[in-house]
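Structural overview for review
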Amino acid sequence: LRRTPGFTIGVMLTFALGVGANAAMFSFIDRLMLRPPPLMRDPASVHRVYMYRTSNGVESTTGGQYPRYADLVRFTTSFSAVAGYSLQRLAVGVGDDARELPVGVVSANFFDFFDAPPAAGRYFTPAEDVPPNGAPVAVLSYSTWQSRHAGRADAIGSTLQIGAAVYTIIGVAPEKFVGLWTLRPPVAWVPITAYAASIYRAGWPTNYGSGFGIGTLVRRKPGVSIDAASADLTTAFLRSYRAESGGDEARATERIARIRPRALAGSVLFERGPERSSVAKVATWLGGVTLIVLLIACANVANLLLARSLNRRREIAVRLALGVSKVRLLWQLLTESMLLALAGSALGTAVAVWMSATLAAWFLPGARRAPVASDPRTLVFVGIVALAVGLFSGLLPMLQARRVALTDDLKAGARTGISHRSFARSTLLVVQGALCVVLLVGAGLFVRSLNNVRDVRLGFDPDSVLMVEPHMRDVQLDSARIVALRQRLLAAATTVPGVEHATMQLAVPFGGMSSWPLQVDGIDSVRKFGQFEFNAVSPDYFRTMGTRLLRGRGIENGDVPGAPRVMVVGASMGAVLWPGQDPLGKCVRIGLTPDTMPCTHVVGVAEDIHARSFEPETRNFYYYLSAAQWKPEEEEGGLFVRTPGDSKRFIEPLRRRLQEEMPGSSYVTVARLGELIEGESRSWVMGATVFSAFGLLALLLAAVGLYSVIAYNVAQRKQEMAVRVALGAAVGDVMRLVVGEGLRFAISGAVVGAALALLAGRWIAPMLFDQSPRDPVVFATVMGALLVVAVLASAIPAFRGACADPNLALRAE
């Protein structure tokens, strides 16, 4: 290996790229979908409860409030422990120091699912988690204890405002404890009952129809199967619906028959359950992508090792002639490939550290970084992969060494059997090309999907808009003071240097819109057309959002209480309610009793917006009301603020200025509207980015592999080429001969790869956006790129071979 440093470095780098990519993706997928939560006791027996109900013939998962969770505790018999949990983003701290952070809202026995004795103090007990009030106590995470209290013992007994209540800190969780939330661990844990009592009125423990969603965690008793546990949960779920009916058996039976509720004990990992995110689905595919990259790397290295073994045939023959056994010889070749694989994999670990950090930063923003280099699971994975690729890559040279013709090889060296050996190398090259085409086609499809997503006109400009949300916590204001506070916030926002426009808002696109009953003269029911949702806004809304007014006007300063009620409708809403007519001036009645409500007149028509997804929203219609006329005392709402250029740099100055206007312990949050949009498009960004990166890497490896094969073949055929040149062949003739060989490899690989990509299209289609998985443009572009690379990779060794002095070649032979 020292004697051929170029070969050694080339093989190590190839292994490093292949193994590093797989280690990074394994670390990413492991955190999402494979690794049980840290410190969990006997994770194989622990499950999340997934509940389903049917609506309009479609079954979907449903959440559960506290009474539902309490019923599962009461009515199940298959579990040794049942705990409730929820993750809430709550304000931690007071005043300008307040920040919205994840907080675990859990039942007292939640901690019993883990082998995690507290690092300081204690956990809260069942006696402190009894409805309706619970005890206002909290357990800090280890990192919060270190950052807020520098790990001091006097943190125990101090107080901390979390959400609307002040909690006494009674303990600190151990360093590795994160509960169920491995990516974004809570900063603290509080009792379910204490949190619920701080935000809900009396009666919340028995109200099935309101409250925050509570998940259920269960541990199966020994001997209870998963199917039996799911059956027990379904029975308890049905009994809960009967308990909710309050003894009305007929009503309960009718409802159960209609919604067909059921429950099952599923994976404790959320991303392996029925509600896993699109990022997890794409990550699963990308795991296969990195495996393909590894196969290409192995084929490349196998080609290089095979070429090296062919050049060593005389050496191998001499060893055998001197009495070395074939088993000993095979062990030597295997040792060499394993040594290269281990060295390359060690280098690949460094590549994995960088790639893992990049993947997390792109696709899991805010998540804790994975310690790839010190993570035992990832290092074990790297070790297994290193052994596998070392064995796989060394297999062909080992098989070649078994077929040594001792007498011929001692006489002729490496020239004997060239045809057979070239067939093996050529097959590997075709495989490389085929796998490369599969990756590049996937990259092309995701890139076009991402372009399609970005070409969608949302009806507003999210990149330059900030969302401002005031949070009142436990501050109680009457209607007049609420109105005054919102006006002060709006005025203060416009004083921040750089702010161009600001407006009040009630709802946020992609974050939830509001809906009220509508009545239009001449239409028996507007609901038959679809869902009508609205936003209550102040003047300057359309300039702030970048939404175009197509006709009429927007909301103006004169649209105040006492003035005629006005609204702006989306273009599709106007077309569906008044087809062929001018919507301006039309009367719409809005409210729970619209037949008695005064007219709200249409004064403008705005372009349609996407408020739920990038797909065409054919059944969703949107309109805008004046915030001053729409119950300002009942809806807190927030602001939209438009800034020039990069809106990130305005977040903190705007937050600090608006926090000055907030009373008491209330606080304000500021975030980019684009974050919501980026979250919706993250799976396509992930697919396009990783597919493209690995596809280009595969293309590079394929080009190197083709170059090595052609260069080797040219070296083996130098006497033949010398004879051709001596007999009058031009340089171009010899180059066409060699380049044609490279093109045959590329064409064969392209055809096989295109067939594989077409077969895979049916599975990848659901993850694409407005894009056919059989796009001829993508296939043609990829195959053309592979042919161009094949020509370039073949031309260099072809030119060298054709330009060599034939006298030297003939004389050397």
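Structure first, text after, so check above.
Please read all numbers here as calculations on a predicted model, not as lab measurements.

Examined against the element boundaries, histidine 610 turns out to sit in the loop between β19 (599–606) and β20 (620–626). Given a relative accessible area of 13%, histidine 610 falls into the buried group. One polar contact links the side chain of histidine 610 to the main-chain carbonyl oxygen of glutamate 615, over a distance of 3.2 Å.

As enumerated under the stated definition, the model contains 29 aromatic pairs in all. Between tyrosine 195 and phenylalanine 212, the aromatic rings sit 5.0 Å apart at their centres with planes inclined by 75 degrees, giving edge-to-face as the arrangement. Residue tyrosine 195 is found in helix α4 (residues 192–199), and its partner phenylalanine 212 is found in the loop between α4 and β10 (215–220); the two are separated by 17 residues along the sequence. Grouping residues by exposure puts tyrosine 195 and phenylalanine 212 together as buried. Aromatic side chains phenylalanine 542 and tyrosine 624 sit 5.1 Å apart centroid to centroid with 75 degrees between the ring planes, which places their arrangement in the edge-to-face category. A residue pair is termed long-range when its members are at least 10 positions apart, and phenylalanine 542 in helix α14 (residues 541–545) and tyrosine 624 in strand β20 qualify at 82 residues. The same class applies to phenylalanine 542 and to tyrosine 624, which are both buried. Through a chain of ring-to-ring contacts, the aromatic side chains of Tyr85, Phe110, Phe111, Phe114, Tyr123, Phe124, Phe177, Trp181 and Trp189 assemble into a single cluster. Stacked on the ring of tryptophan 763, the Lys or Arg arginine 762 has its end atom at 4.9 Å from the ring centre.

If you walk across this open sheet you meet the four strands as β13-β21-β12-β22, and the pairing is antiparallel. Two strands in the sheet have a free side with no partner beyond their single neighbour: β13 (501–505) and β22 (667–672). In this sheet, adjacent strand axes meet at a mean angle of 20 degrees when their direction is disregarded. Contacts from helix α13 (residues 479–495) reach β12 (465–471), β13 and β21 (638–642) within the one sheet, and its direction differs from that of β13 by about 160 degrees. Its contacts with the sheet put helix α16 (residues 651–659) on β12, β21 and β22, and the angle it makes with β22 is roughly 160 degrees.

Next up on the list: helix α20 (residues 776–803). Here α20 is 28 residues long and its end C-alpha atoms lie 40 Å apart, about the 40 Å a rise of 1.5 Å per residue gives. Maximal helix bending in α20 amounts to about 30 degrees, located at alanine 795; proline proline 797 follows within four positions. The set of residues buried in α20 consists of Val778, Phe779, Val782, Leu786, Ala790, Ala793, Ser794, Pro797, Ala798, Gly801 and Ala802. The distance from a side-chain oxygen at the start of α20 to the backbone nitrogen of valine 777 is 2.9 Å, and the residue carrying that oxygen is aspartate 775.

About the thresholds
- Residues numbered from 1 in each chain as written.
- Predicted model: local features only at pLDDT ≥ 70, side-chain atom pairs only at ≥ 80, totals over all residues.
- Heavy atoms only, no water.
- Helix = DSSP H or I, 4+ residues; strand = E, 2+ residues; numbered from the N terminus.
- Buried < 20%, exposed > 50% of the residue type's maximum accessible area, 1.4 Å probe, protein only.
- Polar contact = N/O pair within 3.5 Å; in protein donor to acceptor, adjacent residues only side chain to side chain.
- Phe/Tyr/Trp six-rings, centres within 6.5 Å; stacked < 30°, edge-to-face > 60°.
- Lys NZ or Arg CZ within 6 Å of the ring centre and 35° of its normal.
- Pairing = 2+ DSSP bridges.
- Axes fitted to C-alpha atoms, helices over the stretch in contact; angles between N-to-C directions.
- Contact = heavy atoms within 4.5 Å.
- Expected span 1.5 Å × (residues − 1).
- Bend = angle between axes of the 7 residues up to and from the residue.

Function cannot be read off these values alone, since they describe shape.
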